[in-house]
Amino acid sequence: QVQLVESGGGLVQAGGSLRLSCAASGNTFSINTMGWYRQAPGNQRELVARIPRGGRTTYADSVKGRFTISRDNAKNTVYLQMNSLKPDDTARYYCRADQWGNFYWGRGTQVTVSS
């Protein structure tokens, strides 16, 4: 099994930036796609961005041009660079990894954007 730990969340003013990290540990063999999802109170969890080992990255329309997902396979870590943050970006951000058709979730990290 895979364990995922997110970090880098916090409180930031609108227009600011944050960089989220997600480190995978345990049995990391054959992890394919990794991604970031977010969930605000009263909302469903939604995809923010994902990055396969090989293939194009995918972004939600709401974050295109502002967020960038990347990964360091040697460190089993995925990142989310978040620029030009808006209050609507406020949510708990979760890391997800897939392996052999199974999904693994981190505990999440809170991002709060004030105006």
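Structure shown above.
## Quick look at the sheet that holds strand S1 (residues 2-7)
Item 1. The strand order across the open sheet formed by four strands is S1-S3-S8-S7, and the pairing between neighbours is antiparallel. What marks the edges here is a single partner per strand, and that holds for S1 and strand S7 (67-72). Adjacent strand axes in the sheet meet at a mean angle of 15°, parallel and antiparallel pairs treated alike.
Item 2. Alignment of strand S3 (residues 18-26) against strand S8 (residues 77-82), held across six bridges, turns out to be antiparallel. By the bridge assignment, serine 21 is partnered in S8 with tyrosine 79.

## Considering the state of the cysteines
Item 1. Tallying each qualifying case throughout the model produces one disulfide.
Item 2. Covalent S-S linkage joins cysteine 22 and cysteine 95, the inter-sulfur distance amounting to 2.1 Å. Between cysteine 22 and cysteine 95, the S-S dihedral sits near -85°, and the bridge is therefore left-handed. With cysteine 22 in strand S3 and cysteine 95 in strand S9 (residues 91-99), the pair connects residues that are 73 residues apart, well separated along the chain. With respect to class, cysteine 22 is no different from cysteine 95; both count as buried.

Thresholds applied
Residues numbered from 1 in each chain as written. Predicted model: local features only at pLDDT ≥ 70, side-chain atom pairs only at ≥ 80, totals over all residues. Heavy atoms only, no water. Pairing = 2+ DSSP bridges. Helix = DSSP H or I, 4+ residues; strand = E, 2+ residues; numbered from the N terminus. Axes fitted to C-alpha atoms, helices over the stretch in contact; angles between N-to-C directions. Disulfide = S-S within 2.5 Å. Buried < 20%, exposed > 50% of the residue type's maximum accessible area, 1.4 Å probe, protein only.

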